[in-house]
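# Survey of secondary and tertiary structure
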Amino acid sequence: MKIHEFKAFPNPLRVRMFLAEKGINGIPFEQINVPEGEHREPAYLAKNPYGAVPTLELDDGACISETIAICRYFEELQPEPALMGETPREKADIEMWQRRVEQTLNDTVATYFHHGTPGLGSLESYQNKEWGEQNLKRYHDAMQRLDDHLEGRTFMCGETFSIADITLFSGLYLGGILEIEIPDRLTNLNRWRKVVSSRPSASA
Ligand SMILES: N[C@@H](CCC(=O)N[C@@H](CS)C(=O)NCC(=O)O)C(=O)O
């Protein structure tokens, strides 16, 4: 088993954090040079035709991509500690928030990266600056909503750390790389990030 990734990027970070939280060590990581376009070369496209990292390659050569699918695989292999919920209600709640964060925060900041900044440079086949700026605004709106949600909660789904927190951390991580600060007035989100940053998995 091995994981194809580009370590500095946000979706690979989600898998790294997930594995660190589970205490799963020793899976080799193979670096795919995304800024140089290695993820669009035939050898990698044969593993993930969608040309994105991360991809988990199993010992029989089968490949699983999509960050949440990879995390689901490890959650089923090693259920403890549960990061995707234990009861039906917890599972549904975590999935709801994971998806909300992914769509409203991670996807908008990624769109800003690709359209509102130089992004991946010559690898960007189409850029629309205005669309990028609109997504920067959507990213700020998402931070505000998530700050509201975190009022009175330690983590996204209450007192237990979950995949929803990992997704949020990775979205804010990309925001940080792009020098988009969390406004000081978002005290819940700032407090949450401090708590999550102090977990060993945050530097996985
Ligand atoms: N939906 C995919 C998204 C993966 C993704 O977009 N990965 C980025 C790195 S964080 C990537 O490979 N980007 C390559 C590109 O935009 O060409 C997932 O959840 O894993």
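Here, the structure is the one placed above.
Just so it is clear, the model here is predicted, and its values are computed rather than measured.

Attention now goes to the site of the ligand. The full set close to the ligand counts 14 residues, and His 39, Arg 40, Val 53, Glu 66 and Thr 67 are the nearest of them. Here Val 53 contributes a backbone N or O atom positioned 2.8 Å from a nitrogen atom of the ligand. For the ligand, a nitrogen atom lies 2.6 Å from a polar atom in the side chain of Glu 66. Relative to its unbound accessible area of 510 Å², the ligand is 77% covered by the protein chains. For the shell around the ligand, the element with the most residues is helix α1 (residues 10-22), which contributes 3 residues.

Turning next to the nonpolar core. Across soluble globular proteins, you tend to see nonpolar side chains buried next to one another. Core analysis: the largest hydrophobic core is formed by 54 residues, its most contacted members being Leu 105, Met 156, Leu 168, Leu 172, Leu 189 and Trp 192. Listed by contribution, the elements that provide at least two residues to this core are α1, α3 (67-77), α4 (88-116), α5 (129-149), α6 (163-177) and α7 (187-197). The two domains that each donate at least three residues to this core are domain 1 (2-77) and domain 2 (88-199). Excluding its chain neighbours within four sequence positions, the residues that come into contact with Leu 172 are Leu 105, Tyr 139, Met 143, Ile 182, Leu 189, Trp 192 and Arg 193.

Bringing unusual backbone geometry into the picture now. A cis amide bond links Val 53 to the next residue, Pro 54, at an omega of 10°. Cis rather than trans, the peptide bond between Glu 80 and Pro 81 has omega equal to -15°. Here Pro 81 is to be found in the loop between α3 and α4. Its identity is not glycine, yet Glu 66 carries a phi of approximately 80°, on the positive side. Among the secondary structure elements, Glu 66 is positioned in the loop between β4 (63-65) and α3.

Criteria and cut-off values
- Residues numbered from 1 in each chain as written.
- Predicted model: local features only at pLDDT ≥ 70, side-chain atom pairs only at ≥ 80, totals over all residues.
- Heavy atoms only, no water.
- Near = heavy atom within 4 Å.
- Polar contact = N/O pair within 3.5 Å; in protein donor to acceptor, adjacent residues only side chain to side chain.
- Areas by Shrake-Rupley, 256 points an atom, 1.4 Å probe, with all protein chains shown as cover.
- Helix = DSSP H or I, 4+ residues; strand = E, 2+ residues; numbered from the N terminus.
- Core = buried A, V, L, I, M, F, W, Y, C linked by side-chain atoms within 4.5 Å.
- Buried < 20%, exposed > 50% of the residue type's maximum accessible area, 1.4 Å probe, protein only.
- Domains from an automatic or database assignment.
- Contact = heavy atoms within 4.5 Å.

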